There are 2 protein chains.
Amino acid sequence: MSNAPSPLQNRLLAVLPEIEFERLKPQLEAVDMPLGHVLYESGRTLSHVYFPTTSIVSLLYVMENGASAEIAVVGNEGVVGIALFMGGESTPSRAVVQSAGQGFRLRGQAIKEVFSRSGPVMHLMLRYTQALITQMAQTAVCNRHHSLDQQLCRWLLLSLDRLQGNELVMTQELIANMLGVRREGVTEGALKLQAAGLIRYARGHITVLDRVGLEARTCECYAVVRKEYGRLLPDRIAT
Amino acid sequence: MSNAPSPLQNRLLAVLPEIEFERLKPQLEAVDMPLGHVLYESGRTLSHVYFPTTSIVSLLYVMENGASAEIAVVGNEGVVGIALFMGGESTPSRAVVQSAGQGFRLRGQAIKEVFSRSGPVMHLMLRYTQALITQMAQTAVCNRHHSLDQQLCRWLLLSLDRLQGNELVMTQELIANMLGVRREGVTEGALKLQAAGLIRYARGHITVLDRVGLEARTCECYAVVRKEYGRLLPDRIAT
DNA sequence: GCTGCTGTGTGCGGGAGCGTACAGACTCAA
DNA sequence: TTGAGTCTGTACGCTCCCGCACACAGCAGC
């Protein structure tokens, strides 16, 4: 029974080589993590990374209308605030204590120094990875909350951003696989878009006629992802 | 117009400092990426990372019953195979060419060398990050395909794994927020679990009576996540 | 031409979960 | 003890999407 909380209750810290742990230890600050406490807010620059010991933290995405969805959950097996060392400094999600308890925190600067000895290739890879993470998280949110029609628009836009030109070669069947929905659902969605003059569809060839129109029909998820790609990847590497 | 494909068409490669790019360049191999081509299979060790130039790649999770869901999409803004440099070597997802085109690939060893100069703290952080990514990806899949009841079980198990003891303090309202569903839906799900003798519920206190029973009721997502945490994090850092 | 295959359109019953509304049950403080 | 507040249970109509079935249209090859 460890009554005095120890950083070693966090299993990431516990498996570090002793030398490394001893180096970090003086900088670890014990913190109380009461239920509902917000460790960081969406879009805010993080000041610390948190290593939960007896608490659980939820990573939540809060939508514009206030509805939310959990992206992931972090307990004593992990660390909250990976954006700090991935190089993004912030994320579009919020971290909330889901189960009260203790933890330790480390100033952002300290963890960043560990990563600072590495070269530009690694930094770029990590920043990209964070952008990818955002896309995954937003996919989860979108799957939960948005209509097939909105998701279809999002998907078309994400694909379009990665192509030159405005035509994509893709059957409705394949799109359905990607979105995890029925083929018939894609048919109906595509028909609506076609009727609205936004796309033209013909046996595996989609031509986007009105990109702005698609953006107007999709959900916020697309914009969130696009913005993060723009923010994280330099020199006009946008989504 | 660049008729001869250039690695610089990939925007990650394009923003690298010239010195770094020149170092990688001789090792970049141009590859054709035909529609439907599987770059890597779920669970298989990756041999290369791929930098798409004119192609688009889908990261898909394929469920046991064959249904699938796209986790994310990667085009010339990114790289396929982040598990290689994150240290995981493999992922539970499959990478499929969604739009035919070209790309460049790099032997895994080459990208790993870039990361090998870093210390154990960073490696651990990255491996953890990959585990977290898996959790997010699986959340997306689960949101798409599984019932509220299954998701409730998954959520309870993930929380339980991060707690000592078998009681969690959590109102149905909060769980609903996490899962992104109605509170009433959680009520109904919890009642079923209680009727089956798996949990006991009382005003914000849940006691898990039959963990194995919960595991039997949840979907594959829980096991996938748990297994990846076990695999990626050493020394019995499980989910 | 005909035949087959692939891709798209359509219709219908059913179920899961939503929005809404409200009722009971427990807890705490005045 | 009484009332207010919080948490949980129940009910009902509705919508979106699913599963299934089938028709049709374009495009290949012979």
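Small disclaimer: the values here were computed from a predicted structure and weren't measured.

### Here we look at the protein's contact with DNA strand C
In the vicinity of DNA strand C lie 15 residues, with Arg203 and Gly204 of chain A together with Leu148, Arg182 and Glu184 of chain B positioned nearest. A breakdown of the atoms of DNA strand C within 4 Å of the protein gives sugar and phosphate a share of 49%. In the model, a phosphate oxygen of DNA strand C is placed 2.9 Å from a nitrogen or oxygen of the glutamine 172 of chain A main chain. In the model, a base oxygen of DNA strand C is placed 2.8 Å from a nitrogen or oxygen of the arginine 203 of chain A side chain. The element contributing the most residues to the surface near DNA strand C is helix α8 (residues 183–195) of chain A, with four residues. Tallied by class, residues from the surface near DNA strand C come to four nonpolar, five polar and six charged.

### Topic: the pairing of strand β7 (residues 101–107) of chain A
All names here are of chain A. Sheet topology places strand β1 (residues 29–33) next to β7; five bridges connect them, and they run antiparallel. Looking across to β7, one finds that methionine 33 is bridged to glycine 101. For strand β3 (residues 48–52) and β7, the ladder comprises five bridges, and the chain directions are antiparallel. Residue pairing for β7: proline 52 is matched across the bridge by glycine 103.

### Considerations on helix α7 (residues 172–179) of chain A
Residues and elements named next belong to chain A. Taken together, the buried positions of α7 are occupied by Gln172, Ile175, Ala176, Met178 and Leu179. End-on view of α7: buried residues confined to an arc of 160 degrees, all on one side of the axis. Two residues or fewer after α7 comes glycine 180, characterised by a positive phi angle close to 75 degrees.

### Let's talk about the confidence of the model for chain A
Mean pLDDT over chain A stands at 79; residues scoring 70 or higher make up 85%. Summarising per-element confidence for chain A, the mean pLDDT is lowest in strand β5 (residues 68–74) of chain A (67) and highest in helix α9 (residues 211–217) of chain A (91).

### Here we look at the sheet that holds strand β9 (residues 199–202) of chain B
Across a sheet, strands are paired by hydrogen bonds formed along the backbone, either parallel or antiparallel in direction. All names here are of chain B. Taken in spatial order, the three strands make up an open sheet running β8-β10-β9, and their pairing is antiparallel. Where the open sheet ends on each side, the last strands, each with one partner, are β8 (167–169) and β9. With direction set aside, neighbouring strand axes in the sheet form an average angle of 15 degrees. Pairing of β9 with strand β10 (residues 205–208) involves four bridges; the strand directions are antiparallel. Note that in β10 the partner of alanine 202 across the bridge is histidine 205.

### Here we look at the nonpolar core
A general feature of soluble globular proteins is that nonpolar side chains tend to end up buried together. Grouped together as the largest cluster of nonpolar side chains are 134 residues, with contacts concentrated most on Ile199 of chain A together with Ile199 of chain B. Not counting residues up to four positions away in its chain, the partners in contact with isoleucine 199 of chain A are Leu156, Ala190, Leu193, Gln194, Ile206, Thr207, Val208, Leu209 and Leu214 of chain A.

### Remarks on the protein's contact with DNA strand D
The local shell around DNA strand D holds 15 residues, among which Leu148, Arg182 and Glu184 of chain A together with Arg203 and Gly204 of chain B are the closest. Each atom of DNA strand D within 4 Å of the protein belongs either to a base or to sugar and phosphate, the latter forming 48%. Taking arginine 182 of chain A, its side chain carries an N or O atom lying 2.6 Å from a base nitrogen of DNA strand D. Take the surface near DNA strand D: its biggest share by element is four residues, from helix α8 (residues 183–195) of chain B. The residue inventory of the surface near DNA strand D, partitioned by class, reads four nonpolar, five polar and six charged.

### Remarks on the domain arrangement of chain A
Once the domains are mapped, chain A shows domain 1 (7–119) and domain 2 (126–232). Here domain 1 of chain A and domain 2 of chain A have C-alpha centroids that lie 32 Å from each other.

### A few points about the UniProt feature "domain: HTH crp-type" (unreviewed entry) in chain A
In this structure's numbering, the residues bearing the UniProt feature "domain: HTH crp-type" (unreviewed entry) are residues 146–212 of chain A. Structurally, residues 146–212 of chain A comprises 55% helix and 16% strand, and the distance from its first C-alpha atom to its last is 19 Å.

### So, α8 of chain A
Residue and element names in this part refer to chain A. Along its 13 residues, α8 runs 18 Å from first to last C-alpha, staying within 8% of the 18 Å computed at 1.5 Å per residue. Where α8 is concerned, the buried positions are Gly185, Val186, Thr187, Gly189, Ala190 and Leu193. Buried positions along α8 lie against α6 (148–161), α7, β9 (199–202) and α9. Glycine 197, located one to two residues past α8, shows a positive phi value of around 75 degrees.

### Comments concerning unusual backbone geometry
Residues and elements named next belong to chain A. Located in the positive-phi region is arginine 203, a residue other than glycine, with phi close to 40 degrees. As for its position among the elements, arginine 203 is in the loop between β9 and β10 (205–208). For arginine 203, a relative accessible area of 84% translates into the label exposed.

### Points about the packing of α6 of chain A against helix α10 (residues 220–232) of chain A
All names here are of chain A. Where α6 contacts α10, the axes come no closer than 9 Å and their chain directions differ by 25 degrees. Regarding the angle of α6 to α10, the classification is roughly parallel. As for the relative orientation of α6 and α10, their crossing is right-handed in sense. Here α6 contributes Arg154, Leu157, Leu158 and Asp161 to the contact with α10, which in turn contributes Cys221, Tyr222, Val225 and Arg226. Within the contact of α6 with α10, the residues separate by chemical class into five nonpolar, no polar and three charged.

### A closer look at the sheet that holds strand β3 (residues 48–52) of chain B
All names here are of chain B. Pairing is antiparallel across the open sheet formed by three strands, whose spatial order is β1-β7-β3. For this open sheet the edge positions go to β1 (29–33) and β3, each flanked by a neighbour on one side alone. Along the sheet, successive strands turn relative to each other by an average axial angle of 40 degrees, direction set aside. Where helix α4 (residues 108–116) meets the sheet, its contacts fall on β3 and β7 (101–107), and the angle it forms with β7 comes to roughly 60 degrees.

### What to know about the pattern of salt bridges
Residue and element names in this part refer to chain B. Going through the model one piece at a time under the given rule, you end up with eight salt bridges over all chains. Aspartate 149 serves as the salt-bridge partner of lysine 192, at 2.7 Å between the closest nitrogen and oxygen. Separated by 43 residues along the polypeptide, lysine 192 in helix α8 and aspartate 149 in helix α6 (residues 148–161) bring together distant segments of the chain. Look at lysine 192 and you get partly exposed, because its relative accessible area is 43%. For the salt bridge of glutamate 215 with arginine 211, the shortest nitrogen-to-oxygen distance reads 2.9 Å. Residue glutamate 215 and its partner arginine 211 are located together in helix α9 (residues 211–217), separated by four residues, close to a single helical turn.

Rules of the game
Residues numbered from 1 in each chain as written. Chains lettered and ligands numbered in written order. Predicted model: local features only at pLDDT ≥ 70, side-chain atom pairs only at ≥ 80, totals over all residues. Heavy atoms only, no water. Near = heavy atom within 4 Å. Polar contact = N/O pair within 3.5 Å; in protein donor to acceptor, adjacent residues only side chain to side chain. Helix = DSSP H or I, 4+ residues; strand = E, 2+ residues; numbered from the N terminus. Nonpolar A, V, L, I, M, F, W, Y, C, P; charged D, E, K, R; others polar. Pairing = 2+ DSSP bridges. Buried < 20%, exposed > 50% of the residue type's maximum accessible area, 1.4 Å probe, protein only. Arc of directions from axis to C-beta. pLDDT = per-residue confidence, 0-100. Axes fitted to C-alpha atoms, helices over the stretch in contact; angles between N-to-C directions. Core = buried A, V, L, I, M, F, W, Y, C linked by side-chain atoms within 4.5 Å. Contact = heavy atoms within 4.5 Å. Domains from an automatic or database assignment. UniProt positions renumbered as here; feature names shortened; annotations may be inferred. Expected span 1.5 Å × (residues − 1). Parallel < 35°, antiparallel > 145°, perpendicular 65-115°, else oblique. Left-handed = near helix turned anticlockwise from the far one by under 90°. Salt bridge = Lys/Arg side-chain N within 4 Å of Asp/Glu carboxyl O.

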